[in-house]
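Letter by letter, the chains look like this.
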Amino acid sequence: MELTHKLRPLLKSFVEKGPAGCACSVFHQGKQVFEDYIGYADLETEKPISQDTIYRIYSNTKVVTCVAALMLYERGLFLLNDPLEEYLPEFKNQQVYRTSESGEIYTSAASGSIKIRDLFMMTSGLTYGGEGNETERHVSRAMERLNSDGQADQMDNRMLAKLLSEIPLAFDPGTRWQYGLSHDVLGALIEVLSGKTFGQFLKDEIFDPLEMKNTFFKVPEGKKDRLCTLYDRNENGDLTPNTSMDRSYHPDNLLESGGAGLLSTLGDYSRFAHMLASGGELDGVRILGRKTIELMSANHLQPELLSDYNWEYLKGYGYGLGVRTMMNPALGGINSSIGEFGWSGLAGTWVTIDPKEQLSAVYMQQMFPNFEAYHQPRLRSVIYGAL
């Protein structure tokens, strides 16, 4: 698989028009076939991006969270169709925001319980904060109140779950798809089932066995100088350091966000990805069963839910247990395999995993806006074009 002469120029072109620096690694059938670091981790000090660079992986955390939860599924600790309230009783008797014919907003009982599968699949009715519907507005207000009371740093996963359980859902569980805080609640479920903090469970069960020594919710004091600077890019292409989004890595923050909290390196996350591409095992260490990965990477959205899952650059993909999954290559104009899966992160990080080809790729950068709709399809075209 000869990638260098095509992938390197692509990465260089990204840095010319976008992030200060980027890094990419590709594994194929157990071997690393590409690794490159281009540009800067910090422009002011002209520190180059390197193997040591640590990135905020934001929603790439979600793939790790779903794998962790599926490890507990494999131990028989829950079934996907179990009601969530059997394990997190605060989710009993959920209410849903509804709109009357005259346009008035009211609440009434949900038609059924949130099932654990709804957390994986983003069909729970839990949302992020925002302005799109009443639930989003309610979540925003709740988070703002915590920040103004100075309580945000004291919030852990179980407290977040309890807070969210008091907010009426955006829809009856299982009836719509909406990206939101479902995987954060999955983190709380993992804590209840495992009897460990979420971070400890990940360390014991995934990071230590896979020798991922630089993946964590908080950067240790001795590694802070390795953290890549996060940049905002304006329309002229100027980059300025972003300080507002770095709250989540505040040393006093207790929340180990299953949806967005992890930091990692290119090498660490590549090991995690290639474990999944290799059927759940890497270097003799088994993390997850091959059949469970097949279940994770199958499309779980019925046709009526796929209409909600309508991000333009994900055309051709369905959604599995916390991952996009390739269903229709012709629809998306995509040269990957059916069943290729993965996800991406807010600052432009990306992973693709292909068990059929035993192929995995990880891309890292730190920039808002992230240009994911430009970068990620091109990375995929070039990587698959080299097979």
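These lines cover the structure that appears in this document, whether it is placed above or below. Computed from a predicted model, the values in this text were never measured in an experiment.

## Things to note about the overall build of the protein
A count of helical and extended segments in the protein gives twelve helices and 17 strands. Computed over its C-alpha atoms, the radius of gyration of the protein comes to 20 Å, within 12% of the 21 Å expected for a compact globule of 387 residues. For the C-alpha atoms alone, the extent of the protein along its principal axes is close to 60 × 45 × 45 Å. Looking at the 387 residues of the protein, the share that counts as buried comes to 56%. A separation of at least 24 residues holds for 68% of the contacts in the protein among residues at least 6 apart in sequence.

## Things to note about the sheet that holds strand E3 (residues 47-48)
Read from one edge of the open sheet, eight strands run E3-E2-E1-E16-E15-E14-E13-E12, paired in antiparallel fashion. Looking at the sheet topology across the chains shown, the edges are occupied by E3 and strand E12 (317-319). Against the sheet, helix H8 (residues 266-277) makes contact with strand E1 (21-28), strand E2 (31-42), strand E14 (341-344), strand E15 (350-354) and strand E16 (359-364), and its axis sits at roughly 155 degrees relative to E16, the strand it touches most.

## A short note on unusual backbone geometry
With an omega of -10 degrees, the peptide bond between phenylalanine 368 and proline 369 qualifies as cis. Even without a glycine there, the phi angle at tyrosine 58 is positive, about 40 degrees. Within the fold, tyrosine 58 resides in the loop between strand E4 (55-56) and helix H2 (61-74). A relative accessible area of 4% means that tyrosine 58 is categorised as buried.

## Quick notes on the packing of H2 against H8
Packed helices, taken two at a time, are described by their axes: the angle between them and the distance between them. As a packed pair, H2 and H8 sit with axes 12 Å apart at the nearest point and diverge in direction by 50 degrees. It follows from the interaxial angle that H2 and H8 lie oblique. As for the relative orientation of H2 and H8, their crossing is left-handed in sense. Residues Val63, Val64 and Val67 of H2 touch H8, and the partners they reach there are Tyr269, Phe272 and Leu276.

## Let's talk about the nonpolar core
Ranked by size, the top nonpolar core spans 89 residues in total, and within it Phe120, Ile206, Phe272 and Leu276 carry the most contacts. The leading source of residues in this core is H2, at nine residues. Those residues in contact with phenylalanine 120 that sit more than four places away from it in its chain are Cys66, Ala69, Leu70, Phe78, Leu80, His183, Leu186, Tyr319, Gly320, Leu321 and Gly322. The next biggest cluster of nonpolar side chains, apart from the first, holds 20 residues, and it includes Leu10, Trp350, Leu379 and Val382.

## Focus: the pairing of E15
Most of E15 is tucked away: five of the five residues are buried. What you see with E15 is no split at all: Trp350, Thr352 and Asp354 on one side and Val351 and Ile353 on the other are buried throughout. Pairing geometry for E14 and E15, over four bridges, is antiparallel. Bridging from a neighbouring strand, phenylalanine 341 pairs with isoleucine 353 of E15. Adjacent in sequence and paired antiparallel, E14 and E15 are bridged by five residues, among which glycine 348 carries a positive phi angle near 105 degrees. In the sheet, E15 pairs with E16 via five bridges, with the strands oriented antiparallel. Bridge assignment links threonine 352 to a residue of E16, and that residue is alanine 361. Here E15 folds back onto E16, and the loop between the two strands holds four residues, one of which, glutamine 358, carries a positive phi near 50 degrees.

## Brief notes about the packing of helix H5 (residues 157-165) against helix H6 (residues 182-194)
Look at H5 against H6: their axes get within 8 Å of each other, and the N-to-C directions meet at 125 degrees. Here H5 lies oblique to H6, going by the angle between them. Considering the relative orientation of H5 and H6, their crossing is left-handed. Between H5 and H6, the contacting residues are Asn157, Arg158, Leu160, Ala161 and Leu164 on the first element and Asp184, Val185, Gly187, Ala188, Glu191 and Val192 on the second. A per-class count over the contact of H5 with H6 returns six nonpolar, two polar and three charged.

How each quantity is defined
- Residue positions are counted from 1 within each chain, in the order its sequence is given.
- A pLDDT threshold of at least 70 governs which residues receive local features in this predicted model, and a stricter bar of 80 or more applies before side-chain atom pairs are shown or counted, although totals over entire chains, interfaces and linings include all residues.
- Calculated side-chain values reflect all of the structure's heavy atoms, with hydrogen atoms and water omitted.
- Where helices and strands are cited, they refer to DSSP runs of H or I of at least four residues and of E of at least two residues respectively, numbered from the N terminus.
- Two things to know: the radius of gyration comes from C-alpha atoms, and the globule rule equals 2.2 Å times the number of residues to the power 0.38.
- Partly exposed residues are those whose accessible area sits between 20% and 50% of the maximum for their type, while under 20% is buried and over 50% is exposed, using a 1.4 Å probe and protein chains only.
- Residue contacts are counted whenever heavy atoms from the two residues lie within 4.5 Å of one another.
- At least two bridges found by DSSP between two strands is the condition for calling them paired.
- The convention used is that axes are lines fitted to C-alpha atoms, helices contributing only their stretch in contact, and that angles between N-to-C directions extend from 0 to 180 degrees.
- For classification purposes, angles smaller than 35 degrees are called roughly parallel, those larger than 145 roughly antiparallel, those between 65 and 115 roughly perpendicular, and all remaining angles oblique.
- In this scheme the crossing of two helices becomes right-handed for a clockwise turn of the near helix relative to the far one and left-handed for an anticlockwise turn of less than a right angle.
- Here the nonpolar core consists of buried residues drawn from Ala, Val, Leu, Ile, Met, Phe, Trp, Tyr and Cys, with membership extended through side-chain atoms lying within 4.5 Å.
- Each residue gets one of three labels, nonpolar for Ala, Val, Leu, Ile, Met, Phe, Trp, Tyr, Cys and Pro, charged for Asp, Glu, Lys and Arg, and polar for the others, Gly among them.

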